[in-house]
Amino acid sequence: MTFFTHRDGQLCVEGVPLGRIAESCGTPCYVYSRAALEAAYHAYDQSLARRDHLVCYAVKANSNLAILNIFARLGSGFDIVSGGELARVLKAGGDPRKIVFSGVGKTVAEIRAALEAGILCFNIESASELTRLNRIAGEMGKIAPVSLRVNPDVDAQTHPYIATGLKENKFGVPFEDALALYRAAAGMPNLLVHGIDCHIGSQLTEIPPFVAALQKLLGLVDQLDASGIKISQIDIGGGLGIRYRDETPPPVAEYIKALSVCLGDRKQRILLEPGRSLVGNTGILLTRVEYLKHGAERNFAVVDAAMNDLMRPALYDAWHDIQPVRPRQGTTRRYEVVGPVCETGDFLGHDRELHLEEGDLVAIISAGAYGMSMSSNYNTRGRATEVMVAGEEFHVIRSRETFEQMIATEKILP
Ligand code: LLP
């Protein structure tokens, strides 16, 4: 986290001390580093430089318009899973011809919007979806480019909620059915078979499952080729993990190298759909200690961020480092770092050794991915402010949600 360093006793994002941001924007507040985002993108882009490739940022990881716009300016493509994400990418200046559309439940309206926009490819997840897409494209007088998302049945060895590549998961089409489905797709007049796709899970910290999945995909590509179906694009999905605590995920370059060895001298265009590894370690959640409760059994630090702001600890028992913005000298205590939401599951960290005083600022680390994008209004809490740091400057890229905004579409009966 070289873009997050201590200077004069205070944690800074690039050249900006977090205390300054808290003073001006209040807390809780997500703070991102533009330089970190750009470095993360370049790591992918440069590792793939010798192949025809497209990095499609998985928008769900963090869909703030400013972040999408930064990636768009770098030439990134996008992996979307809803009409809302499509609209966001277009609004942020993303190129529709660099958008792939994943997801098991694309609605008629979403398919229409994507065809209208002229996206690069639909990642198809079922036989019914293929039929639906063919029908809608026909009605609109368009040809829809498709990849089949094949489920390679490999164990991603990650949290069961975020593993997607096993037979028992709802994602993709079963490997055994893929050939027949490709034949069916090739026979549908309004579809153009474009590629093959997979995504086996998220927060993977080892290379072998990726390689196993890719090998299975390539076997299928060859079989298809032999039966006259040419695949011009291979989408390997996302899923590369990041370090939250003591994980040791491979660096992007190593991961790409392993894939590249597997691909050999194949000429197809390579797509990737990274989310977490592009944004996870580019942001923190800044929060303030409201109360300290020291008890016989446990000590609680009640902060002003909660599970509605960062759901990952409550949902997956995920571990995020928690660092004081201005570390204090002296003895620490063991704290449960919790939010104000009325649920026992509302915690941000268990058993953290910290020296805190009421009013202190703390940073929840590695909160750039699946933080803000999974936030909610639970307990009628307005969503947090988001700030982008660029060098010595910072910009509010989303203002704190007001009560009026929260209730804007609600109505009382006459
Ligand atoms: N492509 C597809 C089709 C996906 O479903 C996902 C993530 C990605 C790409 C991006 O995966 P990544 O590179 O970020 O691992 N909320 C969970 C993670 C859910 C991931 C869902 N799919 C978390 O906070 O850990």
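Only a predicted model underlies this, so the values are computations on that prediction, with no experimental measurement involved. (Residues numbered from 1 in each chain as written. Predicted model: local features only at pLDDT ≥ 70, side-chain atom pairs only at ≥ 80, totals over all residues. Heavy atoms only, no water.)

**Considerations on the overall build of the protein chain**
At step 1: When you go through the protein chain residue by residue, the secondary structure sums to 12 helices and 21 strands.
At step 2: Relative to the compact-globule value of 22 Å for 414 residues, the protein chain shows a C-alpha radius of gyration of 23 Å, a close match.
At step 3: Summarising its shape, the C-alpha atoms of the protein chain cover approximately 70 × 60 × 40 Å along the three principal directions.
At step 4: Expressed as a percentage of the 414 residues in the protein chain, the buried residues total 54%.
At step 5: For the protein chain, the share of sequence-separated contacts (at least 6 apart) that also reach a separation of at least 24 residues comes to 69%.
At step 6: Roughly 18,000 Å² of accessible area belongs to the protein chain as shown, and the carbon and sulfur atoms make up 51% of that amount. (Helix = DSSP H or I, 4+ residues; strand = E, 2+ residues; numbered from the N terminus. Rg over C-alpha atoms; globule rule 2.2 N^0.38 Å. Buried < 20%, exposed > 50% of the residue type's maximum accessible area, 1.4 Å probe, protein only. Contact = heavy atoms within 4.5 Å. Areas by Shrake-Rupley, 256 points an atom, 1.4 Å probe, with all protein chains shown as cover.)

**With respect to a negative patch on the surface**
At step 1: Side chains of Asp153, Asp155, Glu176 and Asp177 sit close together on the surface and give a patch of like negative charge.
At step 2: Within the element layout of this structure, Glu176 appears in the loop between strand S10 (173-174) and helix H7 (178-186).
At step 3: Overall, the relative accessible area of 56% leaves Glu176 in the exposed class. (Patch = residues over 30% accessible without salt bridge, like charges linked within 9 Å, V, L, I, M, F, W, Y side chains within 5 Å. Salt bridge = Lys/Arg side-chain N within 4 Å of Asp/Glu carboxyl O. Lys, Arg positive; Asp, Glu negative; His and termini not counted. Charge placed at Lys NZ, Arg CZ, Asp CG, Glu CD.)

**Looking at helix H5 (residues 108-117)**
At step 1: By the burial criterion, the buried members of H5 are Glu110, Ile111, Ala114 and Leu115. For H5, the angular spread of buried residues about the axis comes to 130°, placing them on one side. Facing away from the buried side of H5, by more than 90 degrees, are the exposed residues Ala109 and Glu116.
At step 2: On its buried face, H5 is in contact with helix H4 (83-91), strand S7 (99-101), strand S8 (121-124), helix H6 (127-140) and strand S9 (144-151). (Arc of directions from axis to C-beta.)

**Some details on the pairing of strand S5 (residues 53-58)**
Working note: regular strand, side chains alternate between the two faces of the sheet.
At step 1: Within S5, 6 of the 6 residues are buried, which leaves it mostly tucked inside the rest of the structure.
At step 2: Alternating residues of S5 divide into His53, Val55 and Tyr57 and Leu54, Cys56 and Ala58, and every residue in both groups is buried.
At step 3: In this structure, S5 lies alongside strand S13 (residues 269-272), joined through 3 bridges in parallel fashion. Opposite Leu54, over in S13, you have Leu271 as the bridge partner.
At step 4: Alignment of S5 against strand S6 (residues 77-80), held across 3 bridges, turns out to be parallel. Pairing of Cys56 across the sheet is with Gly77, part of S6.
At step 5: Crossover handedness for the path S5 to helix H3 (residues 65-73) to S6: right-handed. (Pairing = 2+ DSSP bridges. Right-handed = clockwise from strand over helix to strand, strands pointing away.)

**Details of the site of the ligand**
At step 1: Taken together, 19 residues lie around the ligand, and Ser202, Glu273, Arg312, Tyr316 and Tyr370 are the ones closest in.
At step 2: One of the side-chain nitrogen or oxygen atoms of Lys60 is found 3.2 Å away from an oxygen atom of the ligand.
At step 3: A distance of 2.4 Å is found between an oxygen atom of the ligand and a side-chain nitrogen or oxygen belonging to Ser202.
At step 4: For the ligand, the protein covers 92% of the area, taking 580 Å² as the surface of the free molecule.
At step 5: The class makeup of the residues in the shell around the ligand is 6 nonpolar, 7 polar and 6 charged.
At step 6: Mapped onto the domain boundaries, the shell around the ligand takes at least three residues apiece from domain 1 (4-32 + 280-406) and domain 2 (34-276). (Near = heavy atom within 4 Å. Polar contact = N/O pair within 3.5 Å; in protein donor to acceptor, adjacent residues only side chain to side chain. Nonpolar A, V, L, I, M, F, W, Y, C, P; charged D, E, K, R; others polar. Domains from an automatic or database assignment.)

**What to know about the domain arrangement of the protein chain**
At step 1: Here the domain parsing of the protein chain yields domain 1 (4-32 + 280-406) and domain 2 (34-276).
At step 2: The distance between the C-alpha centroids of domain 1 and domain 2 comes to 32 Å.
At step 3: Every contact between the two is made by 23 residues of domain 1 and, on the other side, 22 residues of domain 2.
At step 4: When domain 1 packs against domain 2, close to 1,900 Å² is buried across both sides, 57% of that on carbon and sulfur atoms.
At step 5: Connecting domain 1 to domain 2 are 0 salt bridges.
At step 6: Where domain 1 meets domain 2, there are 12 residue pairs in polar contact (both at pLDDT 80 or more).
At step 7: Of all the secondary structure elements, the ones that give two or more residues to the side of domain 1 that touches domain 2 are helix H11 (312-316), strand S20 (385-390) and strand S21 (393-398).
At step 8: Counting residues per element, the side of domain 1 that touches domain 2 draws most heavily on S20, which supplies 4 residues.
At step 9: Within the side of domain 1 that touches domain 2, the residues separate by chemical class into 10 nonpolar, 8 polar and 5 charged. (Buried area = accessible area lost by both parts, 1.4 Å probe.)

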